Amino acid sequence: MIGDSEKQRPHARLDVWRDAMDLVVLVYAHASRLPDTERYGLSAQLRRAAVSVPSNIAEGAARRSPAELVRFLLIARSSLSELDTQLQIASRLGLVEPDAALMQVLDRTFARLNALLTSMESRASRVREEPAPYESPITNHQSQPQSHA
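Below is a short write-up of the structure. Predicted model only: the values in this text are computed from it and were never measured.

1. Focus on the overall build of the chain
- Across its full length, the chain carries four helices and zero strands.
- Of all intrachain contacts in the chain linking residues separated by at least 6 positions in sequence, the fraction that spans at least 24 positions is 70%.
- Roughly 10,000 Å² of accessible area belongs to the chain as shown, and the carbon and sulfur atoms make up 53% of that amount.

2. Brief notes about the pattern of salt bridges
- Per the counting criterion, the structure on display carries eight salt bridges.
- Between Arg39 and Asp36 there is a salt bridge whose closest N-O contact spans 3.2 Å.
- For Arg63, the salt bridge identified is with Glu68, shortest N-O distance 3.1 Å.

3. What to know about the packing of helix H1 (residues 15–31) against helix H2 (residues 42–62)
- Interaxial distance between H1 and H2 falls to 9 Å at its minimum, and their mutual angle equals 170 degrees. Compared by their axis directions, H1 and H2 come out roughly antiparallel. Facing H1, whose interface residues are Val16, Trp17, Ala20, Met21, Val24, Val27, Tyr28 and Ala31, H2 presents Ser43, Leu46, Arg47, Ala50, Val51, Val53, Pro54, Ile57 and Ala58.
- Tallied by class, residues from the contact of H1 with H2 come to 15 nonpolar, one polar and one charged.

4. Here's the deal with the nonpolar core
- In this structure, Leu23, Leu46, Ile57, Leu73, Leu80 and Leu83 are the most contacted members of the largest nonpolar core, which totals 33 residues.
- Only H1, H2, helix H3 (66–92) and helix H4 (100–129) provide two or more residues apiece to this core.
- With near-sequence residues (within four places) excluded, Leu73 lies in contact with Ile57, Leu113, Leu116, Leu117 and Met120.

5. A look at H3
- Under the 1.5 Å per step criterion, the end-to-end length of H3 is 39 Å for 27 residues, consistent within 8% with the ideal 39 Å.
- When we look at burial in H3, the residues that qualify are Leu69, Val70, Phe72, Leu73, Ala76, Ser79, Leu80, Leu83, Asp84, Gln86, Leu87 and Ala90.
- If you check the start of H3, you find a side-chain oxygen 3.1 Å away from the backbone N of Ala67, and it comes from Ser65.
- Positive backbone phi, at 70 degrees, marks Gly94, one or two positions downstream of H3.

6. Some words on the environment of Ala44
- The topology assignment puts Ala44 in helix H2.
- Put simply, Ala44 and Ser32 are 12 residues apart on the chain and 9.9 Å apart in space, counted from C-alpha to C-alpha.
- When sequence neighbours within four positions are dropped, the list of residues in contact with Ala44 reads Glu38 and Arg39.

7. So, H1
- Look at H1: 24 Å from first C-alpha to last across 17 residues, which is about the 24 Å you get at 1.5 Å a residue.
- When H1 is considered as a whole, its buried residues turn out to be Val16, Trp17, Asp19, Ala20, Leu23, Val24, Val27, His30 and Ala31. The arc that holds the buried residues of H1, viewed along the axis, is 155 degrees, so those residues lie on one side.

Calculation rules
Residues numbered from 1 in each chain as written. Predicted model: local features only at pLDDT ≥ 70, side-chain atom pairs only at ≥ 80, totals over all residues. Heavy atoms only, no water. Helix = DSSP H or I, 4+ residues; strand = E, 2+ residues; numbered from the N terminus. Contact = heavy atoms within 4.5 Å. Areas by Shrake-Rupley, 256 points an atom, 1.4 Å probe, with all protein chains shown as cover. Salt bridge = Lys/Arg side-chain N within 4 Å of Asp/Glu carboxyl O. Axes fitted to C-alpha atoms, helices over the stretch in contact; angles between N-to-C directions. Parallel < 35°, antiparallel > 145°, perpendicular 65-115°, else oblique. Nonpolar A, V, L, I, M, F, W, Y, C, P; charged D, E, K, R; others polar. Core = buried A, V, L, I, M, F, W, Y, C linked by side-chain atoms within 4.5 Å. Buried < 20%, exposed > 50% of the residue type's maximum accessible area, 1.4 Å probe, protein only. Expected span 1.5 Å × (residues − 1). Polar contact = N/O pair within 3.5 Å; in protein donor to acceptor, adjacent residues only side chain to side chain. Arc of directions from axis to C-beta.

Printed below as a string of structure tokens:
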């Protein structure tokens, strides 16, 4: 059973998750500066994309499989790219001024997420390269294709 302590939650130990949570707060503040006409448009899109990032990191960290973690980290990175694009759209349309603090946290989250992905993917490839403990070291010649010359 999970208690009230964040130390028991695997995602809470990840720096990238904490950055993503900070990013959500900044995005909500930034989105509130958009015109009311964007309440159900770009503002809602920004918020959904931002919330998706830490949510997917948390879901992946809760899985027992490194492959599942990588899958959810990739989804989080996709949401982060979506968020970055939406922020640029808002800025290019002149709906809101760019926010340096927000962009700094966005960049840091991207960097940490990419670093974690690289680490997990290299770990997963090392595991795949080693034979499974139940595999026989003896080659089964009968399963080899026969050449008929």
